[in-house]
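Report on the structure
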Amino acid sequence: MKNWFRQHWLAFKRTLGGMLRQPLTSLLNLLVIAVAAAFPLALWLVISSLSGVAGRMPVESQITVFLRSSATEGEIKALRELDGKDARIARHRFVSRDEALKEMQQSTGMGDLLAGLPDNPLPDAIIFTAKSNQAETLETLQKELAVKAGVDEAQLDSAWARRLERLLALGRAVFDAIAVLLALALVLITGNTIRMQILTRQDEIEVSKLIGASDAFIRRPFIHFAIAQGLGGGLLACGIVALALWRLNPAVRELATAYGQQFALTTPGLVSIALVCAATTLLCLFGAWLAVWQHLRKLL
Amino acid sequence: MIQFQQVSKRYPGGFDALKNLSFEIQTGELLFLAGHSGAGKSTILKLIAGIERPTGGAVLVNGQNVGSMRRSSIPFIRRNIGLIFQDHKILFDRSVYDNVRLPLDILGFDGQEARRRVLAALDKVGLSGKEKLNPVTLSGGEQQRLCIARAVVHRPAILLADEPTANLDRDYANDILELFRSFHQVGVTLVISAHDESLMADYGRRILRLKNGQFTA
């Protein structure tokens, strides 16, 4: 066991030494891996930052029903009585056209404009609050309300929040696809790098095999190289992303403030750094293993 | 120790290197394989070391059939064998010392013991004091000795030498054969191939003569 560790340690030192002896090549190799890993990491951070915003948003389960001007007292009464009859409705509020006009004059500063109108253009409205905030329930309720007698239009107030939610779901799907592609790219990149190394060390491998080296012995330096590449590349990727976000965030904050939001993109934390490094290391390992296996299986 | 039972070897393309060969090599024996190039000498050595697999028959080394052995078991057979190659197969990206050390690294020897053994092996073949040199600076004969040092450093029970005296002048070849004799004296089983029989005659050992993959009288 001690011997096993010693062998690994010796091989690892040799690998690091080899990388340091060719600093430029090693750096370029690391950069390729880092860039490939940085892209999905950045995308992931943006998505999760935006998900945070979407989560903070109060999910309104309100449906505003605008009434026709021709709606009769009886129709209005029937609508208001749904609160109590329909189990999905928690409460309601009737906003008459006069109240609506008053509210609008106060809140929007368009008082003068509205005062200049010959008569009130606003309809009566009933604001229903549903018990559930499930999108499907709300949508069915909205559709049912829209076709009731005396109703001109029924609007689901949370629509835009759900649109953001859907956009994020799309973003996650895009992330999945990109992550899979770039994972494949990482495997191929390392596999190819290792293949080149194998070619330059073909004599050593051949002689070692003839002297009685096991496949594991021959694989060892390449595996170590892959681990060093994966770890280094992962860390470098986190660095690149952190730097990019640090440059981007002031602008993002300003944009958010303009919309009255407190928001900034999250920089990679310890957990994400660990995850990224683990992912790049495993992928590089896999690539190296494949390359060595591909070469060794031809040798007896 | 080594048994060939009706062994045939046909290389891809249809060339029959060995045709139905049977023979036995005793533990501690020094055996010469003689014959022209292409007679099948190298193939016999390769079959013993598991570098090639026979297309027929069985090659037994210490009772184990090397020919049908799992790929993953072959390294363990080879660790008991020292190989001396016709083309030396020396690694020129490292020192003489590191070349000889390679088998010990594979076997997992520790620093002190490994160093002691490497220096002993180099001393045995007459390359003392050259351990720090790059093998490129060695002469052909010295490279051959380096190859021998690497083959014996882990003290294998069997030593296989493929044309070790080729390209060497007579005196140098005799030195090398003397070296092999000293290994033989400490109980190592040796199989040496050569096309020049005049060298072997002096040693009065068993000689297997090959022609077109078969024994001649």
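Residues numbered from 1 in each chain as written. Chains lettered and ligands numbered in written order. Predicted model: local features only at pLDDT ≥ 70, side-chain atom pairs only at ≥ 80, totals over all residues.

The condition that has to hold: UniProt positions are given in the numbering used here, feature names are shortened, and annotations may be inferred rather than shown by experiment.
Under an unreviewed UniProt entry, chain B has the name Cell division ATP-binding protein FtsE and belongs to Formivibrio citricus. Within the UniProt record for chain B, the comment given under Function (unreviewed entry) is "Part of the ABC transporter FtsEX involved in cellular division. Important for assembly or stability of the septal ring." Under Sequence similarities (unreviewed entry), UniProt gives the following word-for-word description of chain B: "Belongs to the ABC transporter superfamily."

In the annotation of an unreviewed UniProt entry, the entry for chain A reads Cell division protein FtsX, and the organism field reads Formivibrio citricus. In its Sequence similarities (unreviewed entry) section, UniProt records this for chain A: "Belongs to the ABC-4 integral membrane protein family. FtsX subfamily." UniProt lists a comment for chain A under the heading Subunit (unreviewed entry), and it reads "Forms a membrane-associated complex with FtsE."

**A look at the confidence of the model for chain A**
Where we set the bar: Values of pLDDT, ranging from 0 to 100, describe the predictor's confidence in every residue of the model. Starting at the N terminus, helices and strands are each numbered in turn, a helix being any DSSP run of H or I of at least four residues and a strand any DSSP run of E of at least two.
Residues of chain A with pLDDT of at least 70 account for 92%, and the chain-wide mean is 84. Across chain A, helix 11 (residues 270-296) of chain A holds the top mean pLDDT of 92, while helix 6 (residues 111-115) of chain A sits lowest at 70.

**Quick notes on the confidence of the model for chain B**
Low-pLDDT stretches of the model should not have their predicted coordinates read in fine detail. Residue and element names in this part refer to chain B. Averaged over chain B, the pLDDT score is 89; the fraction of residues at 70 or greater is 99%. Mean pLDDT in chain B bottoms out at helix 7 (residues 197-201), which sits at 74, and peaks at strand 7 (residues 158-162), which reaches 94. The ipTM, which scores confidence in the relative placement of chains, is 0.88 for this predicted complex, and the corresponding pTM is 0.72.

**Digging into the packing of helix 10 (residues 215-258) of chain A against helix 11 of chain A**
All names here are of chain A. Our working rule: Lines fitted to C-alpha atoms define the axes, with helix axes restricted to the stretch in contact, and inter-axis angles between N-to-C directions lie between 0 and 180 degrees. Oblique is the label for any angle not covered by the other classes, which are roughly parallel (under 35 degrees), roughly antiparallel (over 145) and roughly perpendicular (65 to 115). A clockwise turn of the near helix away from the far one marks a right-handed crossing, whereas an anticlockwise turn of less than a right angle marks a left-handed crossing. Any residue outside Ala, Val, Leu, Ile, Met, Phe, Trp, Tyr, Cys, Pro, Asp, Glu, Lys and Arg is labelled polar, Gly included; the first ten of those are nonpolar and the last four are charged.
Taken N-terminus to C-terminus, the directions of helix 10 and helix 11 make an angle of 150 degrees; their axes are 7 Å apart at the nearest point. In terms of orientation, helix 10 lies roughly antiparallel with respect to helix 11. Where helix 10 crosses over helix 11, the two elements pack in a sense that is right-handed. Partitioned by chemical class, the residues of the contact of helix 10 with helix 11 number 19 nonpolar, seven polar and two charged.

**Some details on helix 1 (residues 41-48) of chain B**
The periodicity of an α-helix, 3.6 residues per turn, causes residues three or four positions apart to be oriented the same way. Residue and element names in this part refer to chain B. The line we're drawing: With C-beta atoms placed from the backbone, a residue is buried if 20 or more other C-beta atoms are within 10 Å of its own, exposed if 12 or fewer are, and partly exposed between those counts.
With eight of eight residues buried, helix 1 lies mostly within the body of the structure. Inspection of helix 1 places Lys41, Ser42, Thr43, Ile44, Leu45, Lys46, Leu47 and Ile48 among the buried residues, and these make up the whole buried set. Looking at the residues trailing helix 1, positive phi occurs at glycine 50, about 75 degrees.

**Comments concerning the packing of helix 3 (residues 96-107) of chain B against helix 5 (residues 140-152) of chain B**
All names here are of chain B. Quick reminder of the rule: Here, residues touch in the contact sense if the C-beta positions derived from the backbone fall within 7 Å of one another.
Put simply, helix 3 and helix 5 touch, their axes get as near as 7 Å, and they point 35 degrees apart. Pair helix 3 / helix 5 crosses with right-handed handedness. Here Val96, Asn99, Val100, Leu102 and Pro103 of helix 3 lie close against helix 5, whose contacting residues are Leu146, Ala149 and Arg150. Of the residues in the contact of helix 3 with helix 5, the class split is six nonpolar, one polar and one charged.

**A short note on the sheet that holds strand 2 (residues 15-25) of chain B**
All names here are of chain B. Where we set the bar: In short, DSSP must find at least two bridges between two strands for them to pair.
Ordered by their spatial adjacency, four strands build an open sheet running 2-1-4-5, and the pairing between neighbours is antiparallel. Here the strands that pair on one side only, and so sit at the sheet edges, are strand 2 and strand 5 (64-65). Bridge count for strand 4 (residues 56-61) against strand 5 is two bridges, and the pairing is antiparallel. Its bridge partner lying in strand 5, valine 61 is registered against glutamine 64. Helix 1 contacts strand 1 (2-11), strand 2 and strand 4 of the sheet and is inclined by roughly 115 degrees relative to strand 1.

**As for the interface of chain A and chain B**
Across the boundary between the two partners, chain A contributes 13 residues, which contact 14 residues of chain B. Here the side of chain A that touches chain B gets six residues from one element, more than from any other, and that element is helix 9 (residues 202-211) of chain A. Taken together, the residues of the side of chain A that touches chain B sort by class into six nonpolar, five polar and two charged.

**A few points about helix 9 of chain A**
If you check which residues of helix 9 of chain A are buried, you get Ile205, Val207, Ser208, Lys209 and Ile211 of chain A. With its phi angle positive at about 115 degrees, glycine 212 of chain A sits one or two positions after the end of helix 9 of chain A.

**Regarding the domain arrangement of chain B**
All names here are of chain B. Just so we agree on the cut-off: Each domain span listed reflects an automatic or database assignment of domains.
Split by domain assignment, chain B resolves into domain 1 (1-9 + 16-80 + 156-217) and domain 2 (91-155). Just the C-alpha atoms count here: the centres of domain 1 and domain 2 sit 23 Å apart. Of the residues lining the interface, 10 residues belong to domain 1; the matching set on domain 2 comes to 10 residues. Partitioned by chemical class, the residues of the side of domain 1 that touches domain 2 number eight nonpolar, one polar and one charged.

**Remarks on the environment of lysine 209 of chain A**
All names here are of chain A. In this structure, lysine 209 sits in helix 9. Here lysine 209 falls in the buried class, since 21 other C-beta atoms lie within 10 Å of it. As for lysine 209 and glycine 287, which are separated by 78 residues in sequence, their C-alpha atoms are 22 Å apart. Residues in contact with lysine 209, not counting those within four places in the same chain, are Ile218 and Leu299.

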